[in-house]
Every structure is written in C-alpha cells, then in structure tokens.
Amino acid sequence: MGSLIHAKEQMSSTVINTVPKMNLLKISEEHYQNDEKSLSSPVIDPILRIVKISEEDKQTVALVHNAPIVSSYNDRIRPLLDTIDRLRHLKIMQEGIQLPTIVVVGDQSSGKSSVLESLAGISLPRGQGICTRVPLIMRLQNHENPIPDLSLEFNGKIVPTDEENIADAISLATEEIAGIGKGISNSLLTLVVKKKGVPDLTMVDLPGITRVPVHGQPEDIYEQISKIIMEFITPEESIILNVLSASVDFSTCESIRMSQRVDKTGQRTLAVVTKADKSPEGLLEKVTADDVNIGLGYVCVRNRIGDESYEEARAEEARLFEIHPQLSKINKSIVGIPVLAERLVKIQAIIIVKCLPDIVRKINDKLSVNLEELNKMPKHLTSIAEAMTTFMHILGFAKESLRKILLQGEFDEYQDVQAMHGTARLAEMLNKYSEELQSEKLVENGSKENFLLDEIKILEETKSIGLPNFLPKTAFHTLLQKKVKAISLKPFDFVEKVWSYVENVVISVLLKHSDNYPQLLSCTRRAAHNLIAKKKQQSFDWVTDMVEMEKLTDYTCNPDYMASWNKLMSRQEEFMKAVSSTYSPSIINIDGFGDINVDHLYNLKGDVQEAFDVKMRMTAYWDIVLRRMVDNMALHLLFSIQNLVNKEMQTEIINELIGPQGNGLERMLEESPSISDKRNKLKKSIKLLKESKDVVANIMDRVVTNFD
Ligand SMILES: Nc1nc2c(ncn2[C@@H]2O[C@H](COP(=O)(O)OP(=O)(O)OP(=O)(O)O)[C@@H](O)[C@H]2O)c(=O)[nH]1
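As the structure is a prediction and not an experimental result, all values here were calculated from the model. (Residues numbered from 1 in each chain as written. Predicted model: local features only at pLDDT ≥ 70, side-chain atom pairs only at ≥ 80, totals over all residues. Heavy atoms only, no water.)

Draft legend 1. Here's a closer look at the packing of aromatic side chains. For the coordinates displayed, the defined rule picks out 8 aromatic pairs. Three or more aromatic residues joined by ring pairs form one cluster here, namely Phe451, Phe575, Phe593 and Phe612. A cation over a ring is seen here: lysine 195 above tyrosine 310, with NZ or CZ 5.8 Å from the ring centre. Residue placement shows lysine 286 over the ring face of phenylalanine 250; its charged tip is 4.6 Å from the ring centre. (Phe/Tyr/Trp six-rings, centres within 6.5 Å; stacked < 30°, edge-to-face > 60°. Lys NZ or Arg CZ within 6 Å of the ring centre and 35° of its normal.)

This is how it looks when you write it as structure tokens:
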C-alpha cells in the first residue's frame, strides 16, 4: 500500500510540475486525465468522468480507498487554496469577483452535513429537518500534528473548539447568526478543521431546500433558501456538489432542478449519492442511467450512522460496497468517501488553476478603475480659500468646454453626443431658418393667377395728383411692409430656438463640471437660466428693431440689386406685348416666376407697366432683404454667444454664488453625504483590493514556477 501511495504522490507531482504557464485549465484537465490513466488506464470522458475501468484497476482503486484521505496534491495545491481562502476571508466577492468554490447543495436531510463530516472526519449537527441554517464554509487542512485544531469564524471573531464540542459550537454560532429557531441567514460561518489525514478542501455547505415549511419555519423559507443557493451556484467558478439521497427519484430533487437551471449541461456538477445502505436496490441502474445529466459523475457513499466513530463508518462503508449483493456491483471508482475526497481535491485544483489568472486580472482591473475614480473625486474642502480655488477651476473648465463646443467646434469631450456639437447644430439651425425664409418667397412667386394684381391695386390707392411717370414711393413701402410682416415671426422663432439650445448646452456643461459639488448645482443652473433669459430678451429687442427697420426703410449698396432689377426689367417690353396679345392663353416665362398666364391683365384698368416695374424692384430688393436678415442674424448670434461664453457667464455665476445674496462658497465646504459615502466605499474597496493583490502577488509567481 505504501508503494502505491508513493507512486501516486509521484504521479501527482508530475501533474503539477508539467503544466505549462499557458492555458492552465485545459492542460491541467488533460494531466488530470493522464493522472487517472497512469493510475489505472481508465477511459475518461472530457469532463473528468470515468466511464470504464478494467478489472485490474478495480483492485488498485480498492487499495487506494483504504489509504488515508490525503493527497499529495495538498503540498502544491495548499498555497493556492490558502490564497483563495484568504481572498474569501477578505470578502473579495463583495467586489463582484467570484472565487472558485465547491458548493454543497441538496434537498433537506439529503445528507449534506453527513457527507461533509465524513470528509472532515468530525461530527457536525445532523438530524431531521433543517440543521444548516447559514452558509457554512468548511476549510479542511491536513496538518502533521496528531492533535486536531478546530475553530469557527463568524461575525468577525474566531472561536476555538474541539471535535467533541464542534456540533454544539456550530449550533450556537448558527443561533448567534440566524437567531434561535428555524430561520436562515446568508451571513457566513467558517469552520476551519486542521487535522491529520483530511483532504485539503474548502467547501460551502448550504441550507437544504424544502418546499414545505416545517413547524417554526418562515412561510417563505423556500424562496429564502433558493435565493442563497442560487447566489452561490450561479457563478461559473462554482462546482456544484449535489447531494442526493439514494432513496429518492433524482429527477424529483429540488437541488437537481436548481443546479440544472445554472448548469444546463451539468459540466460543473458532481453528484454524491448518500444512504446507499438504506436503498441499495436499483442504485447501480440509477447512476448508470444518469437521467439527470450529471457532467462530473456520481460517487455513492454511506455516511456515519448513529454513534459510530469515523473509522467505524469508513470500515462499514468499505465492507458494504465490497460484499453487498447489489452495491458490490457498482464500479469501485465511484464509491466511497475516499474516492469522493480524491475527486474533489482534483476538481478543486483544476478550477483554482483555471480561475486564478482571471481573478488576478479582475483584481488589477477593479483596483485601477477604483483608484481612477477616487482620484477624480472632489477634494474635501476645508476653507473658503480652497472652496474659491475649486470654484474658479470649475468655472475655468466650464468656460473652456463651452468655448470649444459653441465657438471653436471641438468636440473631444463629447465625441458621441451630437447634441453637444454646438457649432454644427447652430449652423444647421441657421440654414433651416434661411431655407424657411426663402421658401416663403417661392410660395409667393408661385401664385401666378393673381400676378401683378396686388401691385396694381396698391398703385391705384397710392396715386396722388402729380406727374404720371413718377413711381410713388409709398406704393413700394406698402408692398415692402406687407412682405416683411408676413415673415416677421420667423426671426423671433429662430432666436427662441437658438437660445433654448444654447441654454441646454450651457447647463449641461456647467452641471458636468460641478457634478462633484451638488451644492453648486442649483445656483449654477439658476445663473445660467437667468443669463440666457437676459440674452434672449436682448435678441428679441434686436430682432424687433431689425424687422421694423426692414419694414420702414429701404436701402442697399449691394450691386446685385441693380443688376437683378435690370435683368428683370429687360423683359418688360415682351411682357407688355404678352399682356396686350389677343391670343389666349397668353403665356410668358420670367426668371424666378416661371411661366405666367397674363390673360387676367388684358384690358385691365390701372397701369400694368408701372406695376411690373414695382414688382421687379421689389423682387430684386426682397432678395437683398432676406439675405440681410440671415446674415445679420448670424452675426448677432455669434457675437451674443461669444460675449456669453467669454464674459457674461462667469460674472453672472460669480454674482449668483458669492454675490450679496449668495452663500455658495460656504455651502461648498459642507460635503454631501452621498459624496462622502462614495469616497468611503471606494477607499474601503481599494484597501480590500490592494490586500487581495498582495495575497495573489506571491502566489502567481508560485503558480508559474510550480506549473512551469
Ligand atoms: N443510513 C444512513 N443515514 C444517513 C446517511 N447520510 C445521512 N444520513 C442521515 O440522514 C439524516 C439527515 O442527514 P444530514 O446530514 O443532517 O442532512 P442535511 O442534508 O445536512 O440536512 P439539512 O442541513 O437539515 O438539510 C441524518 O439523520 C443522517 O444520519 C447515510 O449514508 N446512511
């Protein structure tokens, strides 16, 4: 037997020593398989499951079963397992970093605690009804001292205990955590068992699932327990040790349903079938049929019964599977606590090696994200001078951002937010405004059935006693006023739209920069709002003047006016011919108006020729007016926005914050609870991650060396 153990030790160290750095899991799985092969050449499926085993091997396995449950994996896996345990102790899972964990689940009284005590060689509270009421982390450590060393860790304290009192100590600790009675809690209880011959294993025992609350249990016991179980078995890093009683139909087990929900293919589920002694009939068929899809295979066991000692229980178990008419037919590679221990130790090594590099990466990533966030957080201000400096910085940054967004067209701070690409949006609005003004002109020029009638009517009404060949200026002005009036609302609408947009941009920039000082938010928002209201009013006043000016006066030095009028007037003679033509329809094409039927002007009283002249003057001039309305508007807005960004905003906000009414600087000294909470949380998390980083830093060197 000694040489066998020696051979196995050699084999194990080969496994550990030959795994290269890259792709640790894949390789360690292969080696694990090789390991099994070198032991007994069984046929093994890709997920570690032994399918066939030779007769000769059966004997070897049987011999191994009689060896103490200690693997030479221990020496090498122990530091890795310690690392994981220390990370668990640091509560790294609170940071959303999952640890590789063997999670023991099972229906109520399926025998979970019995399996664990068999593995640990100690007595745990056992019984009918709910015994495990809190997640129990069981850390088994092989140690050389023949005297076992047991302790419980919970609620921040360590309580030493011994084998005799462990069951009571666990019950007491459970009561302290979850209260007296049958209630459950998700606060952890850790049991450390250092004992000669135990496998180096860490497992989590969870409360058993029950659908029907027993006397004294809360009504929603099923939901409470399911929640805890799901929390532990959902992460991909968890191996599910599903404890099933041989006396039940596996497919009806709640624990199977749950594990199937998170591990459909069963690739991270191992089944332990307890109470083989109670229900031996058909057990072989059940585990062979594998109706419930257990990827990592089955191990059938017989736990301690009544007052048996651990040694007696193991001997009974070995005897049972050796001589029982039905149970002895079950392959020896899948029976007994020693096989289970061996299997778990290996699976544990594989998942740890697989997960560790990822854990290290996640710790580093999270640490740098948190450090960055902490650095970005506002300083806690302690004096008015500090508050003033911070405030001026905020103002400076906001001004710079607005200058980029609204004046220079640089969007590095808002690459993906189109609404904040200010210069482009303003240009878009101006183009639309210009198009809207032009479209009015097109509509008007398009209505040809009344061509010249307006002009003729106005000329008649503005006639006075005088020489016939003088065009009355009033006629032109009357027409101009009518036209300006028709479009006069458009510039007001445009101004309204532009300032609303600018207000949104200004407020979101100010809010972004004063984000860390919620005390500043309301007063900067108010200042921005007041300032924009003022600017809007100024623009309205300016637009009113501009519209009135265009209505009441007329002037341009733009040569386009004369050029365009001359061009239009060159068609006057032809036009008059068309008007006096007796043919019907009499049609003439004029630039900008298209084909005009002039039948309605034939024989018309009033001066058609004069009306044509007035209309063409107006047409030439109106183009100038519209362009002027767009150009002037653009200049006005650019100038106003420039003033707002470069001068007025700063003054307005300073007045609002520290003016006669303002007490903003004093308020900046009072840190908001949400900010201080956030800072404390970040500091706590950074401390935890730094400690975790130290914990894994040493081990990663060893992983690499060991697995080189
Ligand atoms: N005959 C026999 N009885 C067993 C075996 N395993 C467990 N039992 C008994 O089944 C009962 C329940 O076992 P526990 O280990 O307390 O079950 P549990 O799943 O931890 O229970 P809860 O935590 O309450 O859900 C106890 O009385 C055990 O002695 C076994 O292999 N054979």
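Draft legend 2. Structural context of helix H14 (residues 453–461). Within H14 the residues assigned to the buried category are Glu455, Ile456, Ile458 and Leu459. Each buried residue of H14 sits inside an arc of 165° when the element is viewed along its axis, so together they form one side. What points out from H14, more than 90 degrees from its buried face, is the exposed set Lys457 and Glu461. (Buried < 20%, exposed > 50% of the residue type's maximum accessible area, 1.4 Å probe, protein only. Helix = DSSP H or I, 4+ residues; strand = E, 2+ residues; numbered from the N terminus. Arc of directions from axis to C-beta.)

Draft legend 3. Focus on the pairing of strand E12 (residues 587–590). Residues Ile588 and Ile590 point to one face of E12 and are all buried, whereas Ile587 and Asn589, pointing to the other face, are not buried. With 4 bridges connecting them, E12 and strand E13 (residues 594–597) associate as antiparallel partners. In the sheet register, isoleucine 588 faces E13, and the bridge partner there is isoleucine 596. Connecting E12 to the next strand, E13, in antiparallel fashion are 3 residues, including glycine 592 with a positive phi near 90°. (Pairing = 2+ DSSP bridges.)

Draft legend 4. Broad picture of the nonpolar core. With 87 residues, the main nonpolar core has Leu406, Leu452, Val502, Val506 and Phe575 as its most contacted residues. Among the elements that make up this core, the one with the highest residue count is helix H20 (residues 608–658) (23 residues). Excluding anything up to four places from it in sequence, leucine 452 contacts Phe575, Leu601, Val608, Ala611, Phe612 and Lys615. (Core = buried A, V, L, I, M, F, W, Y, C linked by side-chain atoms within 4.5 Å. Contact = heavy atoms within 4.5 Å.)

Draft legend 5. Structural context of the sheet that holds strand E5 (residues 149–154). One open sheet accounts for 9 strands, arranged E6-E5-E7-E4-E8-E3-E9-E10-E11; its pairing is mixed. Two strands lie at the open edges of the sheet, namely strand E6 (157–161) and strand E11 (298–300), each paired on one side alone. In this sheet, neighbouring strand axes are inclined to one another by 25° on average, regardless of whether the strands run parallel or antiparallel. Taken strand by strand, helix H7 (residues 221–233) contacts strand E3 (101–106), strand E8 (201–205) and strand E9 (238–245), and its axis lies near 150° from that of E3. (Axes fitted to C-alpha atoms, helices over the stretch in contact; angles between N-to-C directions.)

Draft legend 6. Looking closely at the confidence of the model for the protein chain. Per-residue pLDDT for the protein chain has a mean of 82; in total, 85% of the residues score no lower than 70. Predicted as a complex, the structure gets a pTM of 0.58 and an ipTM equal to 0.98. (pLDDT = per-residue confidence, 0-100.)

Draft legend 7. Seen up close, the layout of surface pockets. Approximately 680 Å³ is the volume found for the largest pocket. Together, 23 residues line the largest pocket, and Arg88, Lys91, Gln94, Ile137 and Leu188 are the ones closest to its centre. Going through the elements one at a time, helix H4 (73–89), strand E4 (136–142), E5, E6 and H7 are the ones with two or more residues in the lining of the largest pocket. No other element matches the 3 residues that H4 contributes to the lining of the largest pocket. Among the residues making up the lining of the largest pocket, the classes are represented as 8 nonpolar, 8 polar and 7 charged. (1 Å grid on protein atoms, 1.4 Å probe; cavity = no way out; pocket = protein on both sides within 12 Å on 5 of 7 lines; lining within 4 Å. Points joined across faces, edges and corners; volume = space filled by probe spheres on them. Nonpolar A, V, L, I, M, F, W, Y, C, P; charged D, E, K, R; others polar.)

Draft legend 8. Quick look at the environment of isoleucine 97. Counting through the fold element by element, isoleucine 97 comes out in the loop between H4 and E3. Overall, the relative accessible area of 1% leaves isoleucine 97 in the buried class. When the C-alpha positions of isoleucine 97 and leucine 87 are compared, they lie 9.7 Å apart, and in sequence the two are 10 residues distant. Non-local contacts of isoleucine 97, meaning those with residues more than four positions away in its chain, are made with Ile92, Ile359, Lys362, Ile363, Lys366 and Leu689.

Draft legend 9. Up close: the pattern of salt bridges. In total, this model carries 35 salt bridges according to the counting rule given. Across the pair glutamate 144 and lysine 196 runs a salt bridge, and its minimum N-O distance is 3.4 Å. Here the residue glutamate 144 occupies a position in the loop between E4 and E5, and lysine 196 occupies one in the loop between strand E7 (189–195) and E8, the gap between them amounting to 52 residues. Its relative accessible area of 48% is what places lysine 196 among the partly exposed residues. Among the salt bridges present, the one from aspartate 613 reaches arginine 617, with a minimum N-O distance of 2.9 Å. In this pair, aspartate 613 and arginine 617 are both assigned in helix H20, 4 residues apart and thus about one turn of the helix distant. The network of salt bridges with common partners includes Glu237, Asp358, Arg361, Lys362 and Asp365. (Salt bridge = Lys/Arg side-chain N within 4 Å of Asp/Glu carboxyl O.)

Draft legend 10. Spatial organisation of helix H6 (residues 166–178). Between its terminal C-alpha atoms H6 stretches 18 Å, which fits the 18 Å expected from 13 residues at 1.5 Å a residue. Regarding H6, the residues found buried are Ile166, Ala167, Ala169, Ile170, Ala173, Thr174, Ile177 and Ala178. What you see down the axis of H6 is that its buried residues fit within an arc of 160°, all on one side. Along H6, the residues that are exposed and aim more than 90 degrees away from the buried face are Asp168 and Leu172. Next to the buried residues of H6 lie E5, E6 and E7. One or two residues past the end of H6 sits glycine 179, with phi positive at roughly 85°. (Expected span 1.5 Å × (residues − 1).)

Draft legend 11. Here's a closer look at the packing of helix H12 (residues 384–408) against helix H16 (residues 489–513). One can describe the packing of H12 onto H16 by two numbers: an axis separation of 9 Å at closest approach and a directional angle of 145°. In this structure, the crossing between H12 and H16 has a hand that is right-handed. Residues Ile394, Phe397, Ala398, Ser401, Leu402, Ile405 and Leu406 of H12 lie in contact with H16, whose contacting residues are Val502, Val505, Val506, Val509, Leu510 and His513. (Left-handed = near helix turned anticlockwise from the far one by under 90°.)

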